[in-house]
Amino acid sequence: MIGNDAKACQAYRDGIAAVEGMLPSLSGDDACYATDSLAYLYANLGDAYGGTGSRAAMDAYAKAVEYSGHAAHCYRQRGQEQTAFLAETKQFFLLWQLADTYYSIEEYQNGLATYQEAIDLWKSFDISETCMDVELLFGLAYGHLKLGHTDDAAEALDAASKIDQRSNCELDEKVGYAYQHLAALFYDEESYANATRWAKKAAAKYISVNNDPEQALSKYVEGLSHGMLNQYREAIACFEEAVDTLDEEGMTDELQQVLEWLAYCRCQLTYELEETGSIRVATSCVTHDVDENNCPIDEARSFVSSDEKVVCWVALDGAPQGETLRFVFISPDGSVYYEGQTKVQWNLHWYWILINGYDAAMKTGTWTVKVYLNNNLQAEIHFELRLF
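Residues numbered from 1 in each chain as written. Predicted model: local features only at pLDDT ≥ 70, side-chain atom pairs only at ≥ 80, totals over all residues. Heavy atoms only, no water.

K.L.:
How do you make sense of the sheet that holds strand S6 (residues 348–354) when you look at a structure like this?
P.N.:
One key point about sheets: their strands pair by backbone hydrogen bonds, in either a parallel or an antiparallel sense. Here three strands make up an open sheet; going across it, the order is S1-S3-S6 and the pairing antiparallel. In this open sheet, the two strands that pair with only one neighbour each are strand S1 (280–287) and S6. Averaged over all pairs of adjacent strands, the angle between their axes in this sheet comes to 15°, without regard to strand direction. Sheet topology note: the strand S3 (residues 309–317)/S6 ladder contains seven bridges and is antiparallel. When the bridges of S6 are listed, Val311 appears paired with Trp352. Set on the sheet, helix H12 (residues 252–269) makes contact with S1 and S3; between it and S1 the angle comes to about 140°. (Pairing = 2+ DSSP bridges. Helix = DSSP H or I, 4+ residues; strand = E, 2+ residues; numbered from the N terminus. Axes fitted to C-alpha atoms, helices over the stretch in contact; angles between N-to-C directions. Contact = heavy atoms within 4.5 Å.)

K.L.:
Mind showing me how you'd approach the packing of helix H4 (residues 81–104) against helix H5 (residues 108–124) here?
P.N.:
Angle between the axes and distance between the axes are the two parameters that describe a pair of packed helices. One can describe the packing of H4 onto H5 by two numbers: an axis separation of 8 Å at closest approach and a directional angle of 160°. Judged by the inter-axis angle, H4 sits roughly antiparallel to H5. Between H4 and H5 lies a crossing whose hand is left-handed. Within the contact between the two elements, H4 uses Glu88, Gln91, Phe92, Leu95, Trp96, Leu98, Ala99, Asp100, Tyr102 and Tyr103 and H5 uses Tyr108, Asn110, Gly111, Leu112, Thr114, Tyr115, Glu117, Ala118, Leu121 and Trp122. Along the lines of polarity and charge, the residues of the contact of H4 with H5 split into 13 nonpolar, four polar and three charged. (Parallel < 35°, antiparallel > 145°, perpendicular 65-115°, else oblique. Left-handed = near helix turned anticlockwise from the far one by under 90°. Nonpolar A, V, L, I, M, F, W, Y, C, P; charged D, E, K, R; others polar.)

K.L.:
Looking at this structure, I do not really get the pattern of salt bridges. What am I missing?
P.N.:
If charged atoms from side chains of opposite charge come close, those side chains can pair. Applying the stated criterion across every chain, the model contains 16 salt bridges. With its nearest N and O atoms 3.7 Å apart, the salt bridge here joins Lys219 to Glu241. In this pair, Lys219 sits in helix H10 (residues 212–228) while Glu241 sits in helix H11 (residues 232–248), placing the two residues 22 residues apart along the sequence. Look at Lys219 and you get buried, because its relative accessible area is 9%. Glu241 gets classed as partly exposed once you look at its relative accessible area, which sits at 39%. Here Asp317 and Arg233 are joined by a salt bridge, their closest N and O atoms 2.8 Å apart. In this pair, Asp317 is assigned in strand S3 and Arg233 in helix H11, connecting sequence segments 84 residues apart. Through salt bridges with shared partners, one network takes in Arg76, Glu81 and Glu88. (Salt bridge = Lys/Arg side-chain N within 4 Å of Asp/Glu carboxyl O. Buried < 20%, exposed > 50% of the residue type's maximum accessible area, 1.4 Å probe, protein only.)

K.L.:
Where do I start with the packing of H10 against H11 in this structure?
P.N.:
The interhelical angle for the contact between H10 and H11, taken along N-to-C directions, is 155°, at an axis separation of 8 Å. Considered as vectors, H10 and H11 are oriented roughly antiparallel to each other. In this structure, the crossing between H10 and H11 has a hand that is left-handed. In this structure, H10 contributes Asp212, Pro213, Gln215, Ala216, Leu217, Lys219, Tyr220, Glu222, Gly223, Leu224, His226 and Gly227 to the contact, and H11 contributes Tyr232, Glu234, Ala235, Cys238, Phe239, Glu241, Ala242, Thr245 and Leu246. Across the contact of H10 with H11, the residue classes break down as eleven nonpolar, five polar and five charged.

What is shown is where atoms sit, not what they do.
Structural data, given as structure tokens:
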């Protein structure tokens, strides 16, 4: 290849013109070789155009696909099966390149159709269950995702995932992106059960490559979907898994939304607490206060010295039978600042410490609240206290 510039493009165009001019007068093996050469020249022209215009590159790759197919047919008619296979292999990779070129200029319908052509040709080679199949299926799924074809995308991703598990293709980052995108599409379609499924799969993939920010975002989408299905316990679990990472990564907008959803889901869960069986902690948090419905007014991660108080709120499943619930507030230096306990009489309990105007206001740093049920640790919650 000469290079990605105007001079290179002109050189390839001149070569193409010369060979196309001779082609009508050629026959037999010479016609096959000339047709194959044109596929090569157009493919290289497409590469050269890559630096000056994707539309021109797309047209060149399309001609390369056309000529490689003609070359394969020509070789096969001449009984040259091995050479025909090589020409078809070239055609396959050109189709793949053309499909990606369509995607690059957002012609997703054409890209999708071209990916399907590539897959059909690949299947004709009688090679299956390989990482190449996974890559092709992801290309197909990507087009479906961009066009909003959620069911078709899910079908392609399911097929790719099964092969990936058997072949260990190490495509977890790409898989995670596709799963996450599909989950978001299902969520937008209000197909929340499907959204939870794919968001969960996305989170698992991102965990495997230690991509904490994307894993947290996937858990966020999973939590939202559970919340929309009124599955508040599952939603809370997802949000709690996401919140620390979002905080650490400085993803403030997402963090604020997760905190709001957590407070909402904890409150909704109070209407569904189980009233049978032994007492157990269903959920807990720290908050600035409790509202008239006995719900936390917010999901607090930090407090300032001018705040009135810190409240630790607990919701319990089960039937009370005189159990003891104990709250221990531990200051940043590791000492117990306050400890209080009560007999469990109902399913919602909370204890608090006062901050503004009290010793706690000067104890800045990371606090811990431990919640015990009959002296068994049930929850451990951390919050920050800063001067203000």
